[in-house]
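# Notes for the structure review
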Amino acid sequence: MTTRALAPGQERAAWGPTGRGYFGVEGLDDLLPVGLSYDTQIMVLGDTGVGKTVLAAQFMYEGLLVGDTCVFIACDEPPELMRRNIANFRLGTAVYEQLDRLVFVDAYARERSTERYRIPNPDNFDEFFAYERDILDKLGDRPLRLVVDSISTMMGTADPTAILEFNRSRLRYLRAKHVLTMDNYVTGLLEERTIAGLSHAYPLIVKMGYRQVDGDAMRYVQLGKLRSGQFTAKQLSFTIDPRTGIVVQRQS
Ligand SMILES: Nc1ncnc2c1ncn2[C@@H]1O[C@H](COP(=O)(O)OP(=O)(O)OP(=O)(O)O)[C@@H](O)[C@H]1O
Ligand SMILES: [Mg+2]
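Figured I'd write up the structure that's included with this text. Quick caveat, the model's predicted, so the values are computed rather than measured. (Residues numbered from 1 in each chain as written. Chains lettered and ligands numbered in written order. Predicted model: local features only at pLDDT ≥ 70, side-chain atom pairs only at ≥ 80, totals over all residues. Heavy atoms only, no water.)

Below, the discussion takes up the nonpolar core. One finds F23, L28, I42, L55, M60, V206 and M208 to be the most contacted residues of the largest nonpolar core, which totals 41 residues. By residue number, the principal contributor to this core is helix 1 (residues 52–66), which donates nine residues. (Core = buried A, V, L, I, M, F, W, Y, C linked by side-chain atoms within 4.5 Å. Buried < 20%, exposed > 50% of the residue type's maximum accessible area, 1.4 Å probe, protein only. Helix = DSSP H or I, 4+ residues; strand = E, 2+ residues; numbered from the N terminus.)

This part takes up the packing of helix 4 (residues 125–139) against helix 6 (residues 160–176). Axis separation between helix 4 and helix 6 bottoms out at 11 Å; the angle between their running directions is 10°. In terms of axis orientation, helix 4 runs roughly parallel to helix 6. In this structure, helix 4 uses F125, F128, F129, E132, R133, L136 and D137 to contact helix 6, whose residues at the interface are A162, I163, F166, S169, R170, Y173 and L174. Classifying every residue of the contact of helix 4 with helix 6 gives nine nonpolar, one polar and four charged. (Axes fitted to C-alpha atoms, helices over the stretch in contact; angles between N-to-C directions. Parallel < 35°, antiparallel > 145°, perpendicular 65-115°, else oblique. Contact = heavy atoms within 4.5 Å. Nonpolar A, V, L, I, M, F, W, Y, C, P; charged D, E, K, R; others polar.)

Turning next to the side chain of R83. If you trace the backbone, R83 turns up in helix 2 (residues 79–88). Side-chain polar atoms of R83 contact the side chain of E80, separated by 3.0 Å. At 2.9 Å, the side chain of R83 forms a polar contact with the side chain of E115. The residues touching R83, leaving out its near neighbours within four places in the chain, are T93, E97, F104 and E115. (Polar contact = N/O pair within 3.5 Å; in protein donor to acceptor, adjacent residues only side chain to side chain.)

Glancing now at unusual backbone geometry. Cis geometry is adopted by the peptide bond preceding S150, which originates at D149 and carries an omega value of -15°. Structurally, S150 is set in the loop between strand 7 (144–149) and helix 5 (151–155). The phi dihedral of R90 is positive, around 65°, even though this residue is not glycine. Along the polypeptide, R90 turns up in the loop between helix 2 and helix 3 (94–98). On the accessibility criterion, R90 (63% relative accessible area) is exposed.

Below you can see the structure in the form of structure tokens.
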């Protein structure tokens, strides 16, 4: 866990194209000696129940501690669950929300949502992107992190060409705006060819899954980068702890 913590109202003093961010997961961050630039988009691809939302919670928690403004678009579960996930790390979210340092966007309950920020019809790509852009633009020029959990949910059965075009446009926008972005994808929801096409647009891919270790099914996480061999492709085993989230096992 980070030691660079700032109080809720404290803004980060220096930020710009040279700023660097981390996941907030020991063991995983060790693989990023110089961190991630804020124009990075991360594709997290994993089986259901493997820990994508827990990883997202740690990524947001880390962002809050280092002074970022964090936007969470909830597609699979009500935003309230992410509030509770962050509270499990012993960080109340209310002050951050009041200060607009933490923004929950409800794309789950749709028209029925009582949240301050919501996307009534997220399956409509134009509408989703318009709301996403509007919220990020209103937050202005400051260090931003965004999580969409999970973006594959709203892509559902849409036409693959429309999916790729939509995501290319929004990633282009997010890169230009220097938004450190985590898009979560559930394995198996989209056609392999669509996933392959999507993955080309992300500078960093995080794969999460299960593997057999000494006869037991263990969760693993693996970093992959398409355009350079900067990261090790090693599969790191991890467990999930209620208080600290993902705990990467030491390599023997
Ligand atoms: N606060 C918590 N404390 C302990 N275990 C948790 C906590 N939150 C989630 N888990 C467990 O961690 C595992 C991963 O949960 P998580 O919700 O991150 O999976 P996911 O990959 O997001 O799944 P899905 O695709 O269904 O959204 C689950 O087995 C869940 O029971
Ligand atoms: Mg989840």
